[in-house]
Structures are given as structure tokens and as C-alpha cells.
Amino acid sequence: MKMSPLEQQRRRRRLMGGKDAQVVSLAMSLLLFSVTILVLGPAVGVNGSIQDTPLPGSWELLLKNASIASMHTAITHFNTAIFLDRTLVGPSQIALPKGHECRINPLEHDCTARSVMFDLGSNTVRPLDILTDTWCSSGQFFANGTMVQTGGDSNGFTKIRTLAPCPASGDCDWVESTIETLTDGRWYSTNQLLPEGSRQIVVGGRGVFNYEFVPKRFPGEGAFPLQLLVETNDGENDNYYPFVHLLPNGHLFIFANRDSILLDYTTGKVVQQFPTIPGEPRNYPLSGSSVLLPLSFADGYSTASVLICGGGQAGAFDNPNGFNLPASQTCGRLEVTTTTTRGAGSSNSEPQWLMETMPFRRVMGDMVLLPTGDVLLINGAQSGTAGWGKASNPALNPVRYQTFLHPAANRFQVLAPSTIPRVYHSTANLRPDGRILVAGSNTHQHDTFTGVFPTELRVEAFSPQYLSERFDFRRPQITAAPARITYGKDFAVTFSAPSRKDPFELHMASAPYTTHAYSQGQRLLILQVSDPVPVQQAGAGAAAASRFTVTVTAPPNANVAPPQYYMLFPMQAGTPGNAVWIQMVY
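Since we're looking at a predicted model, the values are computed, not measured.

Enquirer: Can you walk me through the overall build of the protein chain in this structure?
Expert: When its secondary structure is counted, the protein chain shows 4 helices and 50 strands. Per-residue burial over the protein chain gives 61% buried out of 586 residues. Within the protein chain, contacts between residues at least 6 apart in sequence are counted, and of these 63% link residues at least 24 apart. For the protein chain, the exposed area adds up to about 21,100 Å²; of that, 54% sits on carbon and sulfur atoms.

Enquirer: Hey, could you run me through the sheet that holds strand β43 (residues 518-520) in this one?
Expert: Sheets are built from strands that pair by backbone hydrogen bonding, the pairs being arranged parallel or antiparallel. In spatial order, the strands read β11-β10-β7-β6-β42-β43; together these 6 strands make up an open sheet with antiparallel pairing. With one partner strand each, in any of the chains shown, β11 (124-128) and β43 form the two edges of the open sheet. Along the sheet, successive strands turn relative to each other by an average axial angle of 25 degrees, direction set aside. One ladder, built from 4 bridges, connects strand β6 (residues 72-75) with strand β7 (residues 80-84); its direction is antiparallel. In the strand pairing of β7, His72 is matched with Leu84.

Enquirer: Which parts of the structure should I look at to understand the pattern of salt bridges?
Expert: Oppositely charged side chains may form a pair once their charged atoms are brought near each other. By the definition in use, this model includes 20 salt bridges. A salt bridge links Arg103 to Glu108; the nearest nitrogen and oxygen atoms lie 2.9 Å apart. Its relative accessible area of 10% is what places Glu108 among the buried residues. Residue Arg199 is joined to Glu196 by a salt bridge in which the shortest nitrogen-to-oxygen separation is 3.1 Å. In this structure Arg199 comes out as buried when scored by relative accessible area, which is 16%.

Enquirer: Hey, could you run me through the state of the cysteines in this one?
Expert: Simply put, the disulfide is a covalent bond whose two ends are the sulfur atoms of two cysteines. Counted according to the given criterion, the structure contains 3 disulfides. A disulfide bridge connects Cys102 with Cys111, and the sulfur atoms are separated by 2.0 Å. Taking the sign of the S-S torsion, about 110 degrees here, the bridge from Cys102 to Cys111 comes out right-handed. Note that Cys309 is cross-linked by a disulfide to Cys331, the S-S spacing being 2.0 Å. Of note, the bridge from Cys309 to Cys331 carries an S-S torsion of about 115 degrees and is right-handed in sense. Here Cys309, found in strand β26 (residues 305-309), pairs with Cys331, found in strand β27 (residues 330-335); they are 22 residues apart in sequence, far enough to count as distant. Comparing Cys309 with Cys331, the two get one shared label, buried.

Enquirer: What is the right way to look at unusual backbone geometry in this model?
Expert: Both trends apply: most residues other than glycine have a negative phi, and most peptide bonds are in trans. The peptide bond linking Val214 to Pro215 adopts the cis configuration, its omega dihedral lying at -10 degrees. Looking at where Pro215 falls in the secondary structure, it is placed in the loop between β18 (210-214) and β19 (224-225). The peptide bond linking Tyr284 to Pro285 adopts the cis configuration, its omega dihedral lying at 10 degrees. You can see Pro285 is positioned in the loop between β23 (269-273) and β24 (289-292). Its identity is not glycine, yet Asn393 carries a phi of approximately 55 degrees, on the positive side. Mapped onto the elements, Asn393 comes out in strand β32 (residues 391-394).

Enquirer: Could you clarify how one ought to interpret the sheet that holds β19 in this entry?
Expert: Spatially, the 4 strands line up as an open sheet ordered β16-β17-β18-β19, and their pairing is antiparallel. Each edge of the open sheet carries a strand with a single partner, namely β16 (190-193) and β19. Where strand β17 (residues 200-203) meets β18, 4 bridges bridge the pair, whose relative direction is antiparallel. Bridge pairing in β18 links Ile201 to Phe213.

Enquirer: Please clarify how the side chain of Ser260 should be interpreted in this entry.
Expert: Among the structural elements, Ser260 can be located in strand β22 (residues 259-264). For Ser260, a relative accessible area of 2% corresponds to the buried category. With residues up to four places along the chain from it excluded, the contact list for Ser260 reads Leu228, Phe253, Ile254, Phe255, Gln273, Phe274, Pro275 and Trp353.

Enquirer: Whenever I open this one, the pairing of β16 confuses me. Can you help?
Expert: Residues in a regular strand project their side chains so that they alternate between the two faces of the sheet. Residues of β16 alternate between two faces, with Thr190 and Gln192 on one and Asn191 and Leu193 on the opposite face, all of them buried. Sheet topology places β16 next to β17; 4 bridges connect them, and they run antiparallel. By the bridge assignment for β17, Gln192 is matched with Ile201. Hairpin remark: β16 followed by β17, antiparallel, with 6 residues in the connecting loop; positive phi at Gly197, about 80 degrees.

Enquirer: When you look at the packing of aromatic side chains in this model, what are you seeing that I'm missing?
Expert: The relation between two aromatic rings is expressed through the spacing of the ring centres and the mutual angle of the planes. Applying the stated rule across the entire model yields 23 aromatic pairs. With a centroid separation of 5.3 Å and 10 degrees between ring planes, the pair formed by Phe83 and Phe118 is classed as stacked. Placement of the pair is Phe83 in strand β7 and Phe118 in strand β10 (residues 115-119), with a sequence separation of 35 residues. Like Phe83, the residue Phe118 is buried in the burial classification. Ring centres of Tyr211 and Phe213 lie 6.0 Å apart, and the angle between their planes is 85 degrees; on these two criteria the pair is classed as edge-to-face. Through successive ring pairs, a cluster of aromatic residues spans Trp135, Trp187, Tyr188, Tyr240, Tyr241, Tyr284, Trp388 and Tyr424.

Enquirer: How do you make sense of the nonpolar core when you look at a structure like this?
Expert: It is characteristic of soluble globular proteins that their nonpolar side chains tend to be buried jointly. Phe83, Leu506 and Met508 are the most contacted members of the largest nonpolar core, which has 110 residues in total. The biggest single contributor to this core is strand β48 (residues 565-572), with 5 residues. Once residues lying within four places of it in the same chain are set aside, the contact partners of Leu506 are Ile478, Val493, Leu525, Ile526, Leu527, Val529, Val550, Val552, Leu568, Phe569 and Pro570. In terms of nonpolar packing, the next biggest core, distinct from the first, is built from 17 residues, Trp135, Tyr241, Tyr284 and Met364 among them.

Basis of the calculations
- Residues numbered from 1 in each chain as written.
- Predicted model: local features only at pLDDT ≥ 70, side-chain atom pairs only at ≥ 80, totals over all residues.
- Heavy atoms only, no water.
- Helix = DSSP H or I, 4+ residues; strand = E, 2+ residues; numbered from the N terminus.
- Buried < 20%, exposed > 50% of the residue type's maximum accessible area, 1.4 Å probe, protein only.
- Contact = heavy atoms within 4.5 Å.
- Areas by Shrake-Rupley, 256 points an atom, 1.4 Å probe, with all protein chains shown as cover.
- Pairing = 2+ DSSP bridges.
- Axes fitted to C-alpha atoms, helices over the stretch in contact; angles between N-to-C directions.
- Salt bridge = Lys/Arg side-chain N within 4 Å of Asp/Glu carboxyl O.
- Disulfide = S-S within 2.5 Å.
- Phe/Tyr/Trp six-rings, centres within 6.5 Å; stacked < 30°, edge-to-face > 60°.
- Core = buried A, V, L, I, M, F, W, Y, C linked by side-chain atoms within 4.5 Å.

Now the structure itself:
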């Protein structure tokens with residue numbers, strides 16, 4: 001039986017003579033099964049009933065009015081968040097400052113902002129200039145931290161935009177390229193940062209059955225056909241926003257509708273076709289979500305698995321009663337680095353989907369990799385599909401998927417509900433403090449502040465149970481770490497903690513671009529870490545005993561960890577501390 005990364009690290013410590021093995025086992029058990037922050041109030045039961053059962057986790061309203069409903073969200077290494085809506089829908093609730101360029105064209109005359117920069121520290125926003133329509137667009141950060149944003153609708157169909165982030169006090173803004181455009185217009189496409197860190201692949205889109213590179217690899221380069229998108233293009237186009245994950249072997253896992261492949265993007269060759277996932281379609285407009293589960297040093301970062309959850313009933317988008325049709329209640333988990341073996345004298349080792357049942361049905365739900373390696377399912381609805389007014393029965397309760405539990409166990413834990421429905425065009429992103437930034441929700445073409453699901457301008461934070469005060473006694477804090485790390489090289493990290501509890505770990509989380517229930521470029525790595533050594537300081541007394549240093553080995557290559565900024569989270573006995581930003585470079 002394959003051990004989880006946490007189990008392997010605990011075993012390694014016991015073999016090395018660690019004295020805290022029993023404490024670790026007890027602590028981890030408490031972490032997995034105890035109820036922490038108790039939120040009293042109505043919670044939606046599995047059968048939709050109202051319960052008064054306390055559930056773990058807590059919610060906080062950060063900002064009553066962000067001025068726009070964020071359809072696309074990304075957190076920068078300056079601890080700010082890019083909120084991005086769309087243009088061509090009338091004025092927002094925040095004016096562009098004097099001197100900024102208004103959108104004046106045959107389609108609109110508007111001097112309000114449809115993008116803002118949200119400061120995670122002060123919970124305030126400042127307006128940003130976005131000139132063309134970014135409706136249902138895509139993006140991802142480059143290695144240097146610059147956001148590259150592509151496509152949209154109407155006058156933004158072929159646009160390439162960039163934003164080089166700055167401190168919250170700065171005035172960085174969007175820049176639209178005047179020299180480079182997309183080969184094909186991209187609406188509902190997906191971006192993935194490639195190992196060189198200065199190029200992205202852009203896959204699919206409405207009526208676009210190919211992929212291209214930004215920037216181009218050579219002058220005159222066009223787009224490249226992808227048969228998977230042709231074959232999965234059913235009557236209601238259930239293959240928008242395909243799920244794309246860069247794997248440790250350098251290939252791309254691409255999933256659309258219910259089918260998936262392994263693509264060698266350097267040659268255009270399909271290396272492997274995977275079995276069809278059981279159940280419903282999983283991509284927009286029957287929007288499920290997907291994550292690449294944590295990669296670990298314990299197996300040399302060689303094993304990669306994908307988790308796909310939720311979706312909607314086939315035909316629901318075009319069905320007049322589709323908003324009432326129950327969403328999917330299943331997740332599928334697939335090890336995607338297992339190679340199919342066929343031939344004389346060999347057995348068929350084709351990987352198979354492991355199907356699991358969620359406590360709730362969910363469509364348009366976001367999936368967030370937590371610092372612990374677990375997955376948070378949040379936002380969305382229990383009935384219907386993506387689109388304007390096409391969903392009902394909001395999924396107010398987040399659910400925690402416990403990645404490292406045995407498959408035979410129930411890996412789902414229901415968490416405390418929000419009071420704010422987050423359905424179509426909502427987002428959820430991991431913050432460096434371990435909370436989840438939750439924004440957006442707009443089921444209307446224009447801002448509409450009446451009805452069942454009004455346009456949502458409020459911004460919330462959800463605190464998972466690991467942020468409970470009861471775990472503060474072992475919560476670590478990084479006190480020294482390098483700003484940059486290089487592939488395969490060792491580096492030192494110093495941390496403090498009120499008390500030492502094994503295991504100590506360091507987890508490295510990317511900052512994805514989140515839109516339409518999918519976080520493009522999301523990944524988390526469990527790094528190789530030595531046993532903590534107390535920092536000896538003359539005359540420091542008891543304070544010295546609370547500081548420790550570890551030697552950490554950086555990921556081996558850019559297929560495992562594309563060069564970019566990551567949040568480095570310290571972990572003690574499953575309890576994370578605040579992350580520091582660290583840049584992965586060649």
C-alpha cells in the first residue's frame with residue numbers, strides 16, 4: 001500500500017530516531033478529526049435540510065463594496081489581488097482617476113474601472129485601466145511575476161494584456177500589447193505556464209479547437225490543432241475552459257468534457273489517452289473543477305494525480321428547466337503519470353478513475369489547494385449550470401477533501417457555511433495567511449442588484465479549521481528564508497514556534513489565475529526538509545530554544561515547479577503558519 005507523503009516523512013523521522021513519533025501520531029489524528037473553530041448557525045445538511053450543528057471554519061466580511069464583481073482573480077507576490085470583471089456592460093461603482101484613459105469606442109463610452117487592485121492588508125481597492133472586453137478570458141503569471149492575460153469577447157477577442165505587479169502603494173496598471181495578438185480569438189480558454197517561465201500555452205476556447213503559444217516560439221508561428229477538442233464538442237459545447245496541468249514528466253494533462261489526454265506540446269503528439277470519467281460532463285458550461293494534487297519529494301516528485309469534482313447534467317444548459325436539474329455529486333481521481341502497458345507478456349496497467357461521492361452536489365464550485373495539501377471545495381450551486389440565471393440552490397457549505405486519507409475512508413468534511421451565495425462568475429484564492437479570499441458572483445449580463453442572485457460586490461475570507469487558536473501553540477513562523485531558490489540546490493530556512501512538534505514541513509504553493517470554477521496554474525509541492533536544529537544564540541536564554549533552522553532541497557526541475565513566485569508555508573504537525581514569498585529561478 002502506498003504511503004502518503006506525510007506518512008513517509010513521519011516514518012523517515014522514526015527511522016532516524018525521532019523522539020516525538022507518538023506525539024506526532026496523536027497530533028495528526030487530532031488535526032484530522034477534531035472540530036476546531038465552531039460556527040453556530042444554520043448549516044445546509046446533506047439532504048438540503050437546515051441544521052444547527054456546529055461546523056468547523058469561520059467567515060469574515062472583508063469589504064462591503066469592491067466596486068466590481070470579480071470574474072477573474074489572482075493574488076500577486078506583493079500581497080495584493082487583481083480583481084477583473086469585463087467591459088461593455090455599463091459603468092461600475094468606481095471612477096477612473098483623472099488622467100486615466102476612458103473606454104471610448106463604438107461600443108461604449110465609460111470612464112469607470114472594470115478592474116481593481118485589492119490590498120490584502122488594508123482591504124481597500126484602487127481602480128485599474130482595462131480597455132477591451134475581458135469577458136471569460138484566461139491568464140497566468142510569468143516567472144518574473146507579470147500577469148499575462150489573454151482573450152475575451154468582442155474587441156478583446158485576440159488581445160494580450162500584461163500587468164507587472166507593484167506594492168500596494170504603487171500605481172502599476174494593465175498594458176495592452178500593440179504589437180502582438182493571439183492567432184485565434186480566445187473566449188473561455190485556458191493558460192498554462194511552461195517550464196521556461198517566459199511562455200504560456202493557451203488551449204481551446206469557444207469554437208477554437210487548437211492551442212497556441214504566448215509569446216510565439218518563432219516568427220509567423222500559428223495555432224496547432226487538438227483533436228480532443230473536436231471530439232468533445234457536443235451540442236452544448238461542454239468543453240470550454242479545458243483543464244490543463246503541467247506534469248513532472250513535462251507533458252500536459254488536458255481534460256475536456258469527460259475525456260482526457262497526455263500531450264507532448266513540443267511535438268504536438270498525443271502520448272496517451274485516458275479512460276472517460278464516469279458521470280456527467282465536467283467543463284463549462286456544466287462547470288466542474290480540477291486540481292493537480294500535491295507533488296512530493298518522497299517519490300522524487302514522480303507521481304502526479306488529478307482530482308476533478310462536480311459538473312452538471314448533460315443538456316442542462318439548453319434545457320429551459322436546466323436551472324433545477326441536480327448537479328453532479330461525484331469526484332474522480334486519476335493517477336496521470338501511470339503509463340499504459342500493452343503487448344505480449346505484459347498486463348494492461350491503464351490507470352482507472354477512482355470515483356468518490358461528495359456530501360453535496362456542486363456545479364461552478366472552486367477547488368483550492370490548502371497549505372496542508374487538502375483540497376477545499378467552495379462556491380457554486382447544487383442545481384443547474386453556468387450561465388445567466390441558469391442555477392439554483394446555492395452550495396453555501398465549503399467541503400474539505402482530505403487528500404492523504406486512505407481511499408476507503410470518507411475523505412470529505414463539511415465546513416461552516418457562508419450567508420452569501422457565490423454562483424456564476426465567483427472566485428476563491430489561497431492567501432499567504434492561509435485564509436481563502438472569496439469574491440464575485442454575477443449571474444446577469446449587466447450589474448443587477450435585485451433578484452435571487454444579485455451581482456455580488458462583497459469580499460469575504462474563509463478561515464479553515466487549521467487557523468483555530470487551539471493550534472497556535474505549535475504554529476510555526478518563518479523568520480529567515482532566501483528571496484530566490486535554484487533548482488536542486490539546498491537552502492536554509494529559519495523558523496520560530498511556541499513549541500516543537502513533528503513533523504516539520506515546508507509546502508510551496510503557486511498563485512493561480514482563477515475564473516469560472518478553475519484555477520489555472522495551481523500546484524503545491526511538499527519539499528524535502530532536514531530535521532530542525534535549534535538555533536544557538538549566546539545570552540538568548542529561552543528565546544533561543546524557540547528558533548530552529550532546517551536545510552531544504554529545492555524542486556529538481558521546471559517541469560515539477562515552473563519558475564515563478566510561490567508561497568512558502570511552514571507546517572508543524574499539520575498546522576500551517578503564514579507563508580513568505582519565494583521565487584523559483586534557474
